[in-house]
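These are the residues of each chain, in order.
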Amino acid sequence: MIDKKSILIINQSAPYGSSKARESLDVALTCSIFEMPVSLLFIGDGLYQLINNQSPDALSMKKHEAMLSALPMYDIENIYITEEDLESIGLTENDLAIPVTLIQRDAIASLIQQNDSVLTF
Amino acid sequence: MPIEFDDEGYLRDLSDWSPEMAIQIATTEGISLTDAHLEIINVVREFYQTYQLSPAMRPLVKAVSLKLGKDKGKSIYLMKLFPGSPAKIIAKIAGLPKPDNCI
Amino acid sequence: MLNGLSSGDAVLLIEDAVYSALEAHQSIFKALSPDDIQLSALEADIQARGLEDKLSPRFSSVNDQGFVKLSCEHDKIVSWY
């Protein structure tokens, strides 16, 4: 059994305006299928991906929130945001679509250190 | 309107699906559908409605395990019902897109 | 972009710009008097992003017809990317 490399995916793009948010989750799901431990960090505009009650029918796009809710089915449960970022957009955990782990901004460095590779979208 | 399939035999328009259509697609895959097949197909259609994704093998096993119990939530059980590549074959019969990232 | 506004102008936020209508970002708009500048955001983009009940009351929600109406009411349209 080869040791699986762990991966951290940093999300800093809002959903819908570009395809980055979806592409990022596609990568996350693919890594999970290959049994790599996946962690997701949402920072800056990436936090907008997590807002609940998304309803993109009028845009004829797939609901980003639905894809996020599939993460536990792919055993992706390490999902991080920073308290500072959440506060800066004036929202609370109740406004989010999925459970997340709140960390301090200065914990980002150790998150990057802990993982074998890091991708940013 | 004739019902359209892509080159690999997946339905182009998901709304064309019906249980009769499932039987027809299954036949082309060499499978005659039983209730045991249908309950799995229903789990996968439900998965798609919730997550807007066709499940790959790992989440498929997990979803079946959650809905139908641990005895059925095993790859070997799914392999027996849908020999070859269960995630792909089930999606095809269920009238859903081919799962992404499928090994 | 806000420096380019004159009294009587209207601002319509679309696509990812609708996030600026969140209460937390209102300092961006504080220099604009509500009597002079009309602020709005596109309904479909608000709904898609789950922002319906999270926006500053200074912004009204505008549907596609409203978008067209605004475009007709004003003699110049300036798009900022």
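Look up a bit, the structure's there.
Residues numbered from 1 in each chain as written. Chains lettered and ligands numbered in written order. Predicted model: local features only at pLDDT ≥ 70, side-chain atom pairs only at ≥ 80, totals over all residues. Heavy atoms only, no water.

S.K.: Which residues make up the interface of chain B and chain A, and what values go with them?
M.R.: Quite often, the size of an interface is put as the accessible area lost when its parts meet. Contact with chain B, which involves 17 residues of that partner, is made by 18 residues of chain A. Between chain B and chain A lies a buried interface of about 1500 Å² when both sides are counted; carbon and sulfur atoms form 56% of it. Counting the contacts that link chain B with chain A gives two salt bridges. Asp75 of chain A is paired through a salt bridge with Lys62 of chain B; the nearest N and O atoms lie 2.4 Å apart. Applying the counting rule to chain B against chain A returns six residue pairs in polar contact (both at pLDDT 80 or more). Breaking the side of chain B that touches chain A down by element, the ones donating at least two residues are helix 2 (35–51) and helix 3 (57–68) of chain B. For the side of chain B that touches chain A, the element with the highest residue contribution is helix 3 of chain B, accounting for five residues. Residues that form the side of chain B that touches chain A fall into these classes: 10 nonpolar, four polar and three charged. (Contact = heavy atoms within 4.5 Å. Buried area = accessible area lost by both parts, 1.4 Å probe. Salt bridge = Lys/Arg side-chain N within 4 Å of Asp/Glu carboxyl O. Polar contact = N/O pair within 3.5 Å; in protein donor to acceptor, adjacent residues only side chain to side chain. Helix = DSSP H or I, 4+ residues; strand = E, 2+ residues; numbered from the N terminus. Nonpolar A, V, L, I, M, F, W, Y, C, P; charged D, E, K, R; others polar.)

S.K.: Can you lay out the nonpolar core for me, pointing to particular residues and giving the numbers?
M.R.: Across soluble globular proteins, nonpolar side chains have a tendency to be buried as a group. The biggest cluster of nonpolar side chains holds 77 residues, and the ones touching the most others in it are Leu40, Leu50, Leu71 and Tyr74 of chain A together with Phe82 and Ile93 of chain B. For this core, the element with the most residues is helix 2 of chain B, which contributes seven residues. With near-sequence residues (within four places) excluded, Phe82 of chain B lies in contact with Ile31, His37, Ile40, Ile41, Ile89, Ile90 and Ile93 of chain B. Counting eight residues, the second largest nonpolar core, distinct from the first, contains Leu8, Ile10, Ile103 and Leu111 of chain A. (Core = buried A, V, L, I, M, F, W, Y, C linked by side-chain atoms within 4.5 Å. Buried < 20%, exposed > 50% of the residue type's maximum accessible area, 1.4 Å probe, protein only.)

S.K.: Describe in detail the sheet that holds strand 1 (residues 10–13) of chain C, supporting the description with residues and values.
M.R.: Residues and elements named next belong to chain C. Taken together, three strands build an open sheet; the order of strands is 1-2-3 and the sheet is parallel. Lying at the two open borders of the sheet, with one neighbouring strand each, are strand 1 and strand 3 (60–62). Across the sheet, the axes of successive neighbouring strands diverge by a mean angle of 35°, strand direction being ignored. As paired strands, strand 1 and strand 2 (residues 38–42) are joined by four bridges and run parallel to one another. Looking at strand 2, one finds that Leu12 is bridged to Ser40. (Pairing = 2+ DSSP bridges. Axes fitted to C-alpha atoms, helices over the stretch in contact; angles between N-to-C directions.)

S.K.: Describe the interface of chain A and chain C, naming the residues involved and giving the relevant values.
M.R.: Every contact between the two is made by 18 residues of chain A and, on the other side, 13 residues of chain C. Between chain A and chain C lies a buried interface of about 1200 Å² when both sides are counted; carbon and sulfur atoms form 61% of it. When the area that chain A buries against chain C is broken down by residue, the three leading residues are Tyr48, Ile51 and Leu59 of chain A, summing to 33%. Put simply, chain A and chain C have zero salt bridges between them. At the boundary of chain A with chain C, the tally comes to five residue pairs in polar contact (both at pLDDT 80 or more).

S.K.: Tell me about the side chain of His25 of chain C, and please be specific about residues and values.
M.R.: Structurally, His25 of chain C is set in the loop between strand 1 and strand 2. Assessed through its relative accessible area of 18%, His25 of chain C is described here as buried. Looking at His25 of chain C, its side chain comes within polar contact range of the side chain of Tyr48 of chain A, at 2.7 Å. If we skip the residues at most four places from it in the chain, His25 of chain C touches Tyr48, Ser88 and Ile89 of chain A together with Tyr19 and Ser20 of chain C.

S.K.: Provide a residue-level description of the packing of aromatic side chains, including the pertinent values.
M.R.: The final tally for this structure, using the stated rule, is three aromatic pairs over all chains. Pairing Tyr48 of chain A with Tyr19 of chain C gives two aromatic rings, centres 3.6 Å apart and planes at 10°, and the pair type is stacked. Taken together, the residues span two chains, with Tyr48 of chain A in the loop between strand 2 (38–42) and helix 2 (64–69) and Tyr19 of chain C in the loop between strand 1 and strand 2. Residue Tyr48 of chain A shares its accessibility class with Tyr19 of chain C, and that shared class is buried. On the basis of an interplanar angle of 75° and a centroid distance of 5.1 Å, the ring pair of Phe29 of chain C and Phe59 of chain C is categorised as edge-to-face. (Phe/Tyr/Trp six-rings, centres within 6.5 Å; stacked < 30°, edge-to-face > 60°.)

S.K.: So what's going on with the environment of Phe82 of chain B? Residues and values would help.
M.R.: Residue and element names in this part refer to chain B. Relative to the elements of secondary structure, Phe82 occurs in the loop between helix 4 (75–81) and helix 5 (86–93). You can call Phe82 buried: its relative accessible area is 0%. Expressed as a C-alpha distance, the spacing of Phe82 and Ala26, which sit 56 residues apart in the sequence, is 9.5 Å.

S.K.: Account for the pattern of salt bridges, with residues named and values stated.
M.R.: Applying the stated criterion to the full structure yields 12 salt bridges over all chains. Overlapping salt bridges, with partners in common, bring together Asp75 of chain A together with Arg58 and Lys62 of chain B in one network.

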